[in-house]
Amino acid sequence: MRKRDRDRAERLRLAGGPKPSLRDRAVALAIERGTVRTRDLTDIGVPRCYLASMCEEGLLTRVGYGLYGPGRQAA
């Protein structure tokens, strides 16, 4: 194993594990708030191009123009 890989593994271990994915963060925000705007999701780093695929997968539900709620698989 290379040194940089060992260092990365050590940083992840000390930080409490890997960071949540963008999809996980988007779903968590939608569950927490109930309804989120596109702007709320882009503020936490989720690209707008992810939203359509997340709706197709059932992670988010499109409530209205620029509004998303937790999907059927997320709840």
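The structure under discussion appears in the preceding block.
Given the structure is predicted, the values throughout are model-derived calculations rather than measurements.

Reading the values: the criteria
- Residues numbered from 1 in each chain as written.
- Predicted model: local features only at pLDDT ≥ 70, side-chain atom pairs only at ≥ 80, totals over all residues.
- Heavy atoms only, no water.
- Pairing = 2+ DSSP bridges.
- Helix = DSSP H or I, 4+ residues; strand = E, 2+ residues; numbered from the N terminus.
- Expected span 1.5 Å × (residues − 1).
- Buried < 20%, exposed > 50% of the residue type's maximum accessible area, 1.4 Å probe, protein only.
- Arc of directions from axis to C-beta.

(A) Just the pairing of strand 3 (residues 67-70), in detail. Note that strand 1 (residues 36-37) and strand 3 share two bridges and pair antiparallel. Residue pairing for strand 3: R37 is matched across the bridge by L67. Here four bridges tie strand 2 (residues 60-64) to strand 3, and the two strands are oriented antiparallel to one another. Bridged to L60 within strand 3 is P70. Connecting strand 2 to the next strand, strand 3, in antiparallel fashion are two residues, including G66 with a positive phi near 75 degrees.

(B) Inspection of helix 2 (residues 22-33) at higher detail. Counted at 1.5 Å a residue, the expected span for helix 2 with its twelve residues is 16 Å, and the 17 Å between its end C-alpha atoms agrees. Here helix 2 has its buried residues at A26, V27, L29 and A30. In an axial view of helix 2, the angular spread of the buried residues amounts to 160 degrees, which keeps them on one side of the axis. Directly beyond the C-terminal end of helix 2, a positive phi value near 90 degrees is found at G34.

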